Amino acid sequence: MNKMKNNNITLFRFAIMALAFFIFSFAGYWIGANTTVIVPVFNCEYASGGTTRGACIVLIDFNKNMGANFNRFMFSVVGCIISVLLIGRLWCGYTCPVGFFQDIITWIRQKLKITQINIPQEAKPIITLAKWYLVFYILFYDLCKVCPIQFFTVPATGFTSGTSSTAYMWAVVMCVAIILSDRAFCRVCPLGAMMGVVNRISGARLKKCGSACTHCRACLEVCPVDIQEVYEDRENEDITHPDCVYCMKCIEVCPEKDALYFELFGIKLLKSKRMVKEK
Ligand code: SF4
Ligand code: SF4
Ligand code: SF4
C-alpha cells in the first residue's frame, strides 16, 4: 500500500482544535464568559473559563433545566440542533474539548508505538446499546453523577471537582479505554449519539467514488470510530455515517485521486489525491 506523504489535514485539525479548546475552556478569563451561548460540544459545565457553554448544561439534569426556564432551555436546544444541522459532527472533529483530549492521548500512544486494541464488529451493537442507554439515563437522572469528563476538562481550567466516586471510577475506566482505543468516549458519548441522528441530513457530507476505490482498506485502518462503510460501500456516493466525526483521516490516507471527498453545502472542500510511494 502506498504510504501517506503528509498529514496537513491532521495538522490543520489539531490547530483548530487547540484554538477551540482555548476559546471554549480558557478565553473567558480574558474576554469574559458568555453563559447564554451554548455550543454542541461536550464540555463540563464546571469548566468555568469558557467563552461559551458546552451542551452539557442542557443535558445536566434535563428535567430540572427544562422546568427552570423553559423558553431559554428550548432556545438552547433549538440553537444546538440548527448548528448541528448546518455542519453536522464537524463540531466533534474540530471543536470538542473532549475530542481534543482523546486525540492528544492517541497521538501520545502512537508516538510511544503502543498498539491500539481494535474493537470487534460484533461488539458494535452492545456499544450502540450502551450509548443510547446513556442518552435515556441523562434525560431522567443526573449526568454529573456518572460523567467521567469532569476529571479531565475541569482540572484543565485550573479547578478541581469534588464529585461522586462513581464518576471517578468511570473516569479511570474511560482513561484506560481512551489509551487503548481511538475516541473511546465518543463511541458512547450521549451528545454524539444525538448529533448522529442529524449528521446524515446536515450540510456536511463525506462522499465516495466507488469506481476510483481500489479497496485498499487504508481508510478503515485510520478511522477513529471504525466506520466500515467508508471502505466497504462502493455503490453509494454519499457515505456519510451517523458516527463520522469528519476527522478527514480517510481522505488524507486514501491513495486514489477523488475516491473520497468532503462537501459542505455541496461545495467540495477536500478530496483524496493520488499518493506517491515514499522511498
Ligand atoms: S462524540 Fe466525542 S467529540 Fe462529539 S461531543 Fe461527544 S465527546 Fe465530543
Ligand atoms: S469516516 Fe473518515 S472522516 Fe469519518 S470518522 Fe472515519 S476517518 Fe474520520
Ligand atoms: S476509499 Fe480509498 S482508502 Fe478507502 S479502500 Fe478505497 S482506495 Fe482505499
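Residues numbered from 1 in each chain as written. Chains lettered and ligands numbered in written order. Predicted model: local features only at pLDDT ≥ 70, side-chain atom pairs only at ≥ 80, totals over all residues.

### Topic: the site of ligand 1
Residues in close proximity to ligand 1 include Val41, Phe42, Cys92, Cys96, Val98, Gly99, Phe185, Cys186, Cys189, Leu191, Gly192 and Val245, which together make up its full environment. Tallied by class, the residues present in the shell around ligand 1 amount to 10 nonpolar, two polar and no charged. (Near = placed C-beta within 6 Å. Nonpolar A, V, L, I, M, F, W, Y, C, P; charged D, E, K, R; others polar.)

### Some words on the confidence of the model for the chain
Scored by pLDDT, the chain comes out at a mean of 83, with 83% of its residues at no less than 70. Contacts for the low-pLDDT stretch residues 1-5, under 50 throughout, to residues beyond four places or in other chains number 14 contacts. (pLDDT = per-residue confidence, 0-100. Contact = placed C-beta atoms within 7 Å.)

### Some details on the nonpolar core
Membership of the largest hydrophobic core comes to 62 residues, with the highest contact counts inside it found for Phe42, Ala55, Cys219, Tyr246, Cys250 and Cys254. If near-sequence neighbours (up to four positions away) are discounted, Tyr246 is found in contact with Gly88, Arg89, Leu90, Gly93, Ala204, Leu206 and Phe262. (Core = buried A, V, L, I, M, F, W, Y, C linked by C-beta atoms within 7 Å. Buried ≥ 20, exposed ≤ 12 C-beta atoms within 10 Å, placed from the backbone.)

### Regarding the pairing of strand E4 (residues 260-264)
When strand E3 (residues 204-208) meets E4, the two strands line up antiparallel, connected through five bridges. Note on E4: the bridge partner recorded for Leu206 is Phe262. Pairing geometry for E4 and strand E5 (residues 267-271), over four bridges, is antiparallel. Residue pairing in the sheet places Tyr261 in a bridge with Lys271 of E5. (Pairing = 2+ DSSP bridges. Helix = DSSP H or I, 4+ residues; strand = E, 2+ residues; numbered from the N terminus.)

### With respect to the environment of Gly192
For Gly192, the position within the fold is in helix H11 (residues 190-199). The sequence separation of Gly192 and Phe42 amounts to 150 residues, and the corresponding C-alpha distance is 8.6 Å. Ignoring any residue separated from it by four or fewer positions in sequence, one finds Gly192 in contact with Cys92 and Cys186.

### What to know about the sheet that holds E5
Spatial strand order, E3-E4-E5: three strands in an open sheet with antiparallel pairing. At either end of the open sheet lies a strand with only one pairing partner, and these are E3 and E5. Ignoring strand direction, the axes of neighbouring strands in this sheet form an average angle of 30°. (Axes fitted to C-alpha atoms, helices over the stretch in contact; angles between N-to-C directions.)

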